[in-house]
Amino acid sequence: MVDCEKEEALNLQKEFEWVLHQEVHKGLEQIHQILTECATRFPVRLYGHDNSNKQDKFVLSVPSDQVKCVVTLTGDSITHADINFKVTRQTNTTIVRTTIQNDCPWKLQQVQDAANHLQQAINHIDDVGKNYKFKSSDEVLHMLGNILGSLQRGRTSLIVPRKRAMDDLMRSLNMKSLNPNLSEDLAISFYIQSHKLIFAIYQLTNNHGTMKYDSTHAESSVPWLNEVLVFFTVGLQLCQQLKDKICVFSQYKDFTVGSRPSSPSQL
């Protein structure tokens, strides 16, 4: 019976070493391919690819011509926009017109943030190297945790835009991109939410002494954003699958490369 336990332990140890030396690198290579493919979709300089001159044109509008915004997206910035929207003050409705010009673009920080997190995830894999010999499951889990964290932050950057107070929106450096400037009771914002570019208008009103703001949104789907999110999701899934496989061995705390536990009770 003892001999059977020893043989089971040795077989488990061999499987553990095979996973560390073969499966981990195979899984990392697959994840690396997905992430580098994702990098080629970003309209910024990223991991040897430079798509910062890539241009796309979008029309963001809502019914009744209340909002119409035609934008040119170059890299991670709006380099040109013709903006028209209706504003109602008391009983009057006026049309506000403003533009964004090439010499003062509107920066979409979410795109650069997501690209930076993707670059970090790729770097975690590159830092290991194909010939590196992992020595323990904890070592692998630590690295996979770093990759997962970077990918989750990158994906969240695009899916969940940061909420900003009206004052912050009005004082934003991006508001200086507008020509002419808006009146003090108005602010606008461009941001990414999932696979869409959103244009938002905020109007500050005084309702019997209480200040509040109303908002109107228009949106347009951005094809490359959809592709990027798919790659982020696949990368996260592959990384989690590899982590789950390694977690099977993480309960065997005495497992290190070259060790030979004498029986399962000692694992």
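Remember, it's a predicted structure, so these values are computed and weren't measured experimentally. (Residues numbered from 1 in each chain as written. Predicted model: local features only at pLDDT ≥ 70, side-chain atom pairs only at ≥ 80, totals over all residues. Heavy atoms only, no water.)

Chemist: Let's hear about the sheet that holds strand β10 (residues 196-207): which residues, and what values?
Modeler: Pairing is antiparallel in the open sheet, where 3 strands are placed in the order β9-β10-β11. Each having just a single partner strand, β9 (186-193) and β11 (210-221) make up the two edges of the open sheet. Ignoring which end each strand starts from, the neighbouring axes of this sheet average 25 degrees apart. Across 8 bridges, β9 lies against β10 in antiparallel orientation. Directly across from Ile188, in β10, lies its bridge partner Ile201. (Pairing = 2+ DSSP bridges. Helix = DSSP H or I, 4+ residues; strand = E, 2+ residues; numbered from the N terminus. Axes fitted to C-alpha atoms, helices over the stretch in contact; angles between N-to-C directions.)

Chemist: Run through the packing of aromatic side chains, naming residues and quoting values.
Modeler: Applying the stated rule across the entire model yields 6 aromatic pairs. Ring geometry for Phe42 versus Trp224: centroids 6.0 Å apart, planes at 55 degrees, classification tilted. Taken together, the residues Phe42 in the loop between α1 (2-41) and β1 (45-46) and Trp224 in helix α5 (residues 223-250) connect sequence positions 182 residues apart. Judged by its relative accessible area of 0%, Phe42 is buried. (Phe/Tyr/Trp six-rings, centres within 6.5 Å; stacked < 30°, edge-to-face > 60°. Buried < 20%, exposed > 50% of the residue type's maximum accessible area, 1.4 Å probe, protein only.)

Chemist: Go over the nonpolar core with me, naming the residues and quoting the values.
Modeler: It is characteristic of soluble globular proteins that their nonpolar side chains tend to be buried jointly. Within the largest apolar cluster, 75 residues are counted, with the highest numbers of intra-cluster contacts made by Phe42, Ile83, Phe85, Leu118, Ile188, Phe190 and Phe199. No other element matches α5, which puts 11 residues into this core. Apart from residues no more than four positions distant in its own chain, Leu118 is found in contact with Leu35, Cys38, Ala39, Phe42, Leu46, Leu151 and Phe232. (Core = buried A, V, L, I, M, F, W, Y, C linked by side-chain atoms within 4.5 Å. Contact = heavy atoms within 4.5 Å.)

Chemist: Let's hear about the pattern of salt bridges: which residues, and what values?
Modeler: Pairing is possible between side chains that carry opposite charge, provided their charged atoms lie close to one another. Under the criterion given, the structure shown has 9 salt bridges. Between Glu37 and Arg41 there is a salt bridge; the shortest N-O distance is 2.7 Å. You can see Glu37 and its partner Arg41 sitting in helix α1, 4 residues apart, about one turn around the helix. Exposure remark for Arg41: the relative accessible area of 24% places this residue in the partly exposed category. Of the charged contacts, one joins Asp185 and Arg89 as a salt bridge, the two residues approaching to 2.9 Å between their closest N and O atoms. Of the two residues, Asp185 is situated in the loop between β8 (178-179) and β9 and Arg89 in strand β5 (residues 77-89); the sequence distance between them amounts to 96 residues. Given the relative accessible area of 30%, Arg89 is considered partly exposed. A cluster of three or more residues bridged by salt bridges with shared partners is formed by Glu37, Arg41 and Glu227. (Salt bridge = Lys/Arg side-chain N within 4 Å of Asp/Glu carboxyl O.)

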